[in-house]
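Structural characterization, general
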Amino acid sequence: MSGKYATETILANAGGIARAAQVLRDGGLVAVPTETVYGLAARADSDEAVARIYEAKGRPSFNPLIVHVRDGAQAREFADLRHDAGIIADHYWPAPLTLVVPRKPDARLAAAVTAGLDTVALRSPNHPVMQALLAECAFPLAAPSANRSGFVSPTSAAHVAATLDGRIDLILDDGLPCAEGLESTILAIRADGQWEELRPGPVDLDRLHRYYWDSALPIGGGAGGIEAPGQLASHYAPGKPMRLNVREVAPDDFVIGFGAISGDCTLSARGDLNEAAARLYACLHEAARSEKPRIAVAPVPEEGIGIAINDRLRRAATPPD
């Protein structure tokens, strides 16, 4: 980026994808749309490129990154897909589901990707632009959300530019908001075969387990510590005080509504949780830009993807240490 004062945004067509792939080969940073949120991609096999992700985002070095791969075959170059992990990778990917699995000792990945852990977080994204970019690259892509660390996640190219303009090389824009609107579900599959949800997201793990194995989900006990993205207590912050589950609002509140409770921005007037998930970060971005000093959020049911929505809202409302 030497000599640049602004980050260029280009269309995510064949020419744009080819150019982005060359930037990545050269060790640069490219913001790319996925079905969840925009990711900030760099080649995952380069210490220097991955270091640029942490620098651009201001991301803590103890917070590991998700490695994006084309499919289960490429994932096996870097990880041991034991137990149910191989079935999920081969039959359920591409999907908004990240697997945390044992890293192969000889995996050619930058050390910072796993933050010193013996596990690695892997995902095959279900988005044509990201899949096309992975097909152009002979290496996997490390790609956390394309925003400054701790801020609201981006679901459009404009959201990316709001916090990373001038800090990264390129933004690929497909002209659409991200369909899911929430970061991927993160599932750790332990050495004993136990499943542990490290971050809720678009994928219902109990439903997934019953579909493939027709049995209740075997939940693990928890490893403790930061093992995957999105586990910090304070995250996705709009930079203003937030109150949740609010039914009575003040005149100077920016109100994020849901269902019968309308607001300055509404997650879903008809009470649709999937629509609410897709609109969550757009509403938080709008709230952050508003002149109103506080944010009030209407109650969102703690069911289905509402569990993931409330997880993000609680983290956004938690003051940083």
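First, a word on what this report is: a plain description of the structure on this page.

What counts as what
- Residues numbered from 1 in each chain as written.
- Predicted model: local features only at pLDDT ≥ 70, side-chain atom pairs only at ≥ 80, totals over all residues.
- Heavy atoms only, no water.
- Helix = DSSP H or I, 4+ residues; strand = E, 2+ residues; numbered from the N terminus.
- Polar contact = N/O pair within 3.5 Å; in protein donor to acceptor, adjacent residues only side chain to side chain.
- Contact = heavy atoms within 4.5 Å.
- 1 Å grid on protein atoms, 1.4 Å probe; cavity = no way out; pocket = protein on both sides within 12 Å on 5 of 7 lines; lining within 4 Å.
- Points joined across faces, edges and corners; volume = space filled by probe spheres on them.
- Nonpolar A, V, L, I, M, F, W, Y, C, P; charged D, E, K, R; others polar.
- Core = buried A, V, L, I, M, F, W, Y, C linked by side-chain atoms within 4.5 Å.
- Buried < 20%, exposed > 50% of the residue type's maximum accessible area, 1.4 Å probe, protein only.
- Axes fitted to C-alpha atoms, helices over the stretch in contact; angles between N-to-C directions.
- Parallel < 35°, antiparallel > 145°, perpendicular 65-115°, else oblique.
- Left-handed = near helix turned anticlockwise from the far one by under 90°.
- Salt bridge = Lys/Arg side-chain N within 4 Å of Asp/Glu carboxyl O.

1. A closer look at the side chain of His159
Structurally, His159 can be placed in helix α6 (residues 157-164). Engagement of the side chain of His159 in a polar contact is seen with the backbone nitrogen of Thr155, the distance being 3.1 Å. Ignoring any residue separated from it by four or fewer positions in sequence, one finds His159 in contact with Pro154, Ala282 and His285.

2. A word on empty space enclosed by the protein
Going through the model one piece at a time under the given rule, you end up with 2 cavities of 30 Å³ or more. Size it by volume and the largest cavity reaches roughly 260 Å³. Forming the walls of the largest cavity are 26 residues, and the residues nearest its centre are Ala143, Pro144, Ser145, Glu183 and Arg199. In terms of residue class, the lining of the largest cavity is made up of 8 nonpolar, 13 polar and 5 charged.

3. Points about the nonpolar core
Counting residues in each nonpolar core, the largest one holds 47 residues, and the members touching the most others are Leu99, Leu122 and Ile168. Among the elements that make up this core, the one with the highest residue count is helix α2 (residues 47-57) (5 residues). Ranked by size, the runner-up nonpolar core spans 27 residues in total, among them Tyr236, Ile256, Ala276 and Ile295.

4. Some remarks on α2
Taken residue by residue, α2 has Ala49, Val50, Ile53, Tyr54, Ala56 and Lys57 as its buried positions. On the buried face of α2, the contacting elements are β3 (39-43), β7 (141-142) and α6. Just past α2, the residue Gly58 takes up positive phi, approximately 65 degrees.

5. Notes on the packing of helix α1 (residues 14-25) against helix α5 (residues 128-136)
Contact geometry of α1 with α5 gives a least axis separation of 9 Å together with a crossing angle of 55 degrees. In terms of their interaxial angle, α1 and α5 are classed as oblique. Both α1 and α5 take part in a crossing whose hand is right-handed. Across the interface between the two elements, Ile17, Ala20, Ala21, Leu24 and Arg25 from α1 touch Val129, Ala132, Leu133 and Glu136 from α5. Class assignment for the residues of the contact of α1 with α5 results in 7 nonpolar, no polar and 2 charged.

6. Section: the pattern of salt bridges
Counted under the stated rule, the structure contains 19 salt bridges. Where Glu302 meets Arg314, a salt bridge forms, and the shortest distance between an N and an O atom there is 3.7 Å. Remark: Arg314 occurs in helix α9 (residues 306-317) and Glu302 occurs in the loop between β14 (294-297) and α9; sequence separation between them is 12 residues. Judged by its relative accessible area of 46%, Glu302 is partly exposed. Notably, a salt bridge pairs Asp311 with Arg312, separated by 3.0 Å at the nearest N-O pair. For Asp311, a relative accessible area of 9% corresponds to the buried category.

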